[in-house]
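Coordinate inspection notes
What follows is each chain in one-letter form.
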Amino acid sequence: MYDILQGLTVIECSSFVASPSAGLYLSQMGAKVIRIDPIGGGLDFKRWPVSENGDSFYWEGLNKGKKSVAVDIKSEKGRKLVQRLATSGGYQSGLFLTNYPVEGFLSHGSLSKLRPDLITLRVMGHPDGRTALDYTVNSAVGVPFMNGFPDMGDAPINNSLPAWDFLAGAYSAFSLLAALRHRDSTGNGQEIRISLADLAISSLANLGQIAETLESGGDRERCGNDIFGTYGRDFVTRDNKRLMIMAMTKNSGSR
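The following paragraphs examine the structure supplied in this document. Computed from a prediction, not measured in an experiment: that's the story for all the values here.

The rules behind the values
- Residues numbered from 1 in each chain as written.
- Predicted model: local features only at pLDDT ≥ 70, side-chain atom pairs only at ≥ 80, totals over all residues.
- Heavy atoms only, no water.
- Salt bridge = Lys/Arg side-chain N within 4 Å of Asp/Glu carboxyl O.
- Buried < 20%, exposed > 50% of the residue type's maximum accessible area, 1.4 Å probe, protein only.
- Phe/Tyr/Trp six-rings, centres within 6.5 Å; stacked < 30°, edge-to-face > 60°.
- Helix = DSSP H or I, 4+ residues; strand = E, 2+ residues; numbered from the N terminus.
- Expected span 1.5 Å × (residues − 1).
- Arc of directions from axis to C-beta.
- Contact = heavy atoms within 4.5 Å.

Bringing the pattern of salt bridges into the picture now. On inspection of all chains with the given rule, the structure shows twelve salt bridges. Across the pair Arg35 and Asp37 runs a salt bridge, and its minimum N-O distance is 2.5 Å. The class for Arg35 is buried, based on a relative accessible area of 2%. In this structure Asp37 comes out as buried when scored by relative accessible area, which is 7%. Close ionic contact of Arg193 with Glu191 constitutes a salt bridge, the shortest N to O distance being 3.3 Å. Looking at Arg193, the relative accessible area reads 43%, which means it is partly exposed. Shared partners join several salt bridges into a network, and the residues in it are Glu12, Arg35, Asp37 and Lys66.

Written out as structure tokens, the structure is:
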């Protein structure tokens, strides 16, 4: 898309949505993103949706434009190679993106011994290291019970869009560049940890939805296809078409 980050090299060890999408955004802004993959493919290499040949549209979409190196990370030799790759390069390298566990051969403590100014961006489920996925976090903050119409009762509605994963990916890309700016100013590397659970609950708070429930003393009601925070509603026309009408302020910056 742009060449703004041309010259930067990011090493990525990740799978599924949040961490790979951060690498995708950085790549689309011009950075060279090099994935380190297990030989034969990672956990999500064949994830649905797939082509007739079994190739994953999902994996290709999240990793297009990146380079890839296949390494036997189960062997000691392979793990040392990954450590060297993550910490190699010159001034515009030393940027490591991952959703691997905090501890282990890819811990920031282990890697920073090889390169003290290393920047590690680690995407996590919960801030204490417990596993979480977009859909489990989404359920934990109650969104499936806020979607839908009031006459649905207690039936949850799952989101087909992994919104928290994509939000975490964008926030991770931003955070990595913020850490790079800090390193440019101070010479210091650091590890930044981005938690899906923290992003989800803070996002609802930023939208005023937590304050609303605290004020009302009850659960937030379902609002069907109405838009939260402004007038917006879908209508069925006489010729059986469906349209959405929204009311915005005259000086609104969004179009």
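After presenting the structure, the write-up continues.
We now examine the packing of aromatic side chains. The tally for this structure, following the rule as stated, stands at two aromatic pairs. With a centroid separation of 5.1 Å and an interplanar angle of 85 degrees, the aromatic rings of Phe45 and Trp59 are classed as edge-to-face. Of this pair, Phe45 sits in the loop between strand E2 (32-38) and helix H2 (57-63) while Trp59 sits in helix H2, and the two are 14 residues apart along the sequence. Plain terms: the ring middles of Tyr171 and Phe174 are 5.8 Å apart, the flat faces sit at 55 degrees to each other, and that makes the pair tilted.

The next thing to look at is helix H3 (residues 76-87). Between the first and last C-alpha of H3 there are 17 Å, a value that for twelve residues agrees with the 16 Å anticipated at 1.5 Å per step. For H3, the set of buried residues is Gly78, Val82, Gln83, Ala86 and Thr87. For H3, the buried positions fall inside an angular range of 160 degrees around the axis, keeping them on one side. Each element contacted by the buried residues of H3 is listed here: strand E1 (9-13), E2, strand E3 (67-71), strand E4 (95-98) and helix H4 (108-112). Of the residues one or two after H3, Gly89 is the one with positive phi, at around 95 degrees.

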